[in-house]
Amino acid sequence: MAEHTGTKGKPGWRTLMGALRSPKSGYMLLFGFAQGLPPALFLGTLYAWLSEAEVDLETMGVFSLVGLAYAFQFLWSPLLDKVDIPGLRRLGKRKQWIAPMQLVIGIALVVMSFLDPKNALAWFSLLAAIGAFASATQDIAINAWRIDVADEVATIDILSTITQMGFRLASLVGGAIGLIMADRYGWPFVYVMFGGFMLAIGIAGLFAPDARVTEDRVANAAANHDEVAELYTVGEVSEKVRNRALLAVGLLWTWAIGTVVVFMVRSMTESPETRPDVTLFTTTYGPLIVLATIVLPAFIAAWVVKQKRDGANIIAASPGGLADHKVKFTDHLYRALVLPLVEFVNRMGWSLMLVLALVLTYRITDSVWGVFAYPFYLGELGYTGEEVAFASKILGIFAILIGLALGGWLITVLGRMFMLTLGAVIAAATNLLYADLALGGATMQAASDAIGFTWLVNVTANGLAPLFFVAAPPSEGLARLAFTIFWENLAIGIAGAAYIAWLSSIVAKRYAAVQFALLASLTLLIGTLGRGALGQMIEDRGYYFVFIFTALIGVVAVVLCALEWWRQARSGAASGVVQPDPALA
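Participant: In this structure, what is going on with the overall build of the protein? I would like to understand it.
Facilitator: Each helix and strand counted, the protein has 27 helices and zero strands in total. Looking at the protein as a whole, 54% of its 585 residues are labelled buried. For the protein, the proportion of contacts with a sequence separation of at least 24, taken over those separated by at least 6, is 85%. Taken as a whole, the protein presents about 24,700 Å² of accessible surface, with 68% of it coming from carbon and sulfur.

Participant: Sorry if this is basic, but what is going on with the environment of M165 here?
Facilitator: Of note, M165 is situated in helix α8 (residues 156-185). The class for M165 is partly exposed, based on a relative accessible area of 25%. Residues M165 and L29 lie 136 residues apart in sequence; the distance between their C-alpha atoms is 7.2 Å. Setting aside chain neighbours within four positions, we find M165 in contact with L29, L401, L404 and A405.

Participant: Would you mind showing me how to read helix α2 (residues 23-52) here?
Facilitator: In an α-helix there are 3.6 residues to a turn, and that puts residues three or four apart on one side. Taking 1.5 Å of rise per residue, the 30 residues of α2 would be expected to cover 44 Å, and the 42 Å separating its terminal C-alpha atoms lies within 8% of that figure. Taking the largest bend as the criterion, α2 deviates by roughly 45°, centred on L46. Most of α2 sits out of view: 21 of its 30 residues are buried. One or two steps after α2, the chain reaches E54, where phi turns positive at roughly 60°.

Participant: I would appreciate a short explanation of the side chain of R242 in the present structure.
Facilitator: Within the element layout of this structure, R242 appears in helix α12 (residues 239-269). A relative accessible area of 2% places R242 in the buried class. With residues up to four places along the chain from it excluded, the contact list for R242 reads L231, Y232, V237, D331 and Y334.

Rules used throughout
- Residues numbered from 1 in each chain as written.
- Predicted model: local features only at pLDDT ≥ 70, side-chain atom pairs only at ≥ 80, totals over all residues.
- Heavy atoms only, no water.
- Helix = DSSP H or I, 4+ residues; strand = E, 2+ residues; numbered from the N terminus.
- Buried < 20%, exposed > 50% of the residue type's maximum accessible area, 1.4 Å probe, protein only.
- Contact = heavy atoms within 4.5 Å.
- Areas by Shrake-Rupley, 256 points an atom, 1.4 Å probe, with all protein chains shown as cover.
- Expected span 1.5 Å × (residues − 1).
- Bend = angle between axes of the 7 residues up to and from the residue.

Right, here's the structure in full:
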């Protein structure tokens with residue numbers, strides 16, 4: 001069964017306006033905002049509150065472990081595809097997880113507002129961990145919801161763009177605006193206000209539409225055994241093959257989950273002298289966990305697909321079907337853990353290698369050096385923290401929002417794959433702007449002056465001086481920094497709109513939660529693992545060389561985008577991209 005839509009060549013403006021009038025777009029903006037606000041509050045703004053409360057840096061480092069919930073959210077993603085919350089199933093397959101998680105986040109934020117982080121640190125950290133886990137869980141469900149509800153009006157491309165816009169807007173509100181409001185009204189006010197936002201979104205989300213295909217499947221499933229009936233039809237792999245695959249995948253996932261849990265428990269309970277190092281864990285065990293949960297299970301799924309295609313170890317005849325068999329717990333585990341991978345491998349074939357390579361490299365140009373941005377701005381270039389905050393948190397966020405809006409519209413006009421490739425090109429090219437900045441920024445300054453950007457920055461900076469430039473007035477070189485950040489973030493917005501749309505288009509609705517979470521977890525992997533080597537390269541060669549190098553790395557993603565574009569054009573309906581369901585149009 002075909003499942004969701006891409007771009008169909010309608011006039012771009014009519015397509016966009018039709019999608020924006022859909023109620024699904026409004027809820028998507030709310031859900032995108034709900035995705036972006038918790039990370040800003042649990043992983044960003046929170047540290048400013050902890051600093052004011054004089055919490056030591058080492059304890060703050062332990063707090064950063066809540067970010068593991070986002071990094072390894074795919075570990076529990078199968079639960080959201082196959083497990084219903086008692087009493088909430090009537091809300092819909094995805095909403096039964098979305099609304100409760102948003103309410104949990106809101107309650108956690110409100111309760112945190114009544115605590116003193118220095119005197120109630122244990123409760124504070126527990127609430128932050130619960131909130132981050134609930135936030136990561138709602139991310140899984142919202143990503144699947146977006147794929148489920150996409151149709152010919154609210155297309156997957158437009159909904160993906162709206163998601164990113166809501167997310168970035170929440171980053172601005174929870175980041176820069178949160179800091180400003182905390183200075184005026186205090187941190188408890190900020191957290192109770194944002195907690196109220198999340199509670200309101202959770203209540204509003206109860207009225208959001210859910211996918212019709214989900215309700216159809218539930219209506220057709222009279223009992224639990226109907227859920228696994230397909231496993232016992234003629235031509236499917238035998239129970240022996242399923243159990244072997246399940247055992248192998250189960251052991252790998254159990255090891256991964258156990259490793260993460262043990263690490264978090266040790267970090268939270270042991271003394272600073274014996275506490276494990278977060279960076280060392282990420283660089284050492286991160287790749288092993290991805291290998292155990294994604295790469296090796298993919299090979300196991302390929303083995304299952306080969307068994308079925310070769311006609312080996314398959315069900316030859318079963319007159320009674322499932323009636324001849326007793327439903328086992330392992331049948332449900334197989335459907336949750338293994339079948340999403342089997343479906344993906346079976347649909348994509350060898351093209352999966354190209355898809356995974358593209359997922360691993362598409363965001364590398366901005367993710368690999370992002371952690372060194374502030375050392376570059378503050379240490380290398382000598383800008384003040386206020387200038388960097390103005391350029392990156394205000395103008396930068398607006399640039400991303402403009403890029404997302406522009407990218408979403410251009411997808412409807414030029415197509416998803418064209419924009420995916422263009423996004424890779426401009427994301428790599430913007431590293432050359434930073435290379436010029438590393439040499440003094442003469443070209444950036446001249447370009448900023450030529451188009452009137454310098455005048456705009458000066459007017460805006462002077463208008464916001466009471467908020468951002470309390471310690472000292474903005475320097476003359478602020479315009480070239482803002483100019484460079486603006487164009488990089490514009491490129492990130494355009495590329496991000498196309499990338500999320502493409503990623504959403506290659507997963508199946510039935511397994512959207514698992515497949516999207518697995519692919520998304522790979523997106524920043526190489527960038528994260530490569531930061532150590534890049535830091536050493538900066539020490540040895542300097543920033544200019546590194547920016548040229550990262551621009552060249554981006555060429556790899558451009559080539560892979562072109563290959564994926566060619567593959568889809570050549571394969572057509574057999575490309576593995578999920579197409580619209582006429583019944584849902």
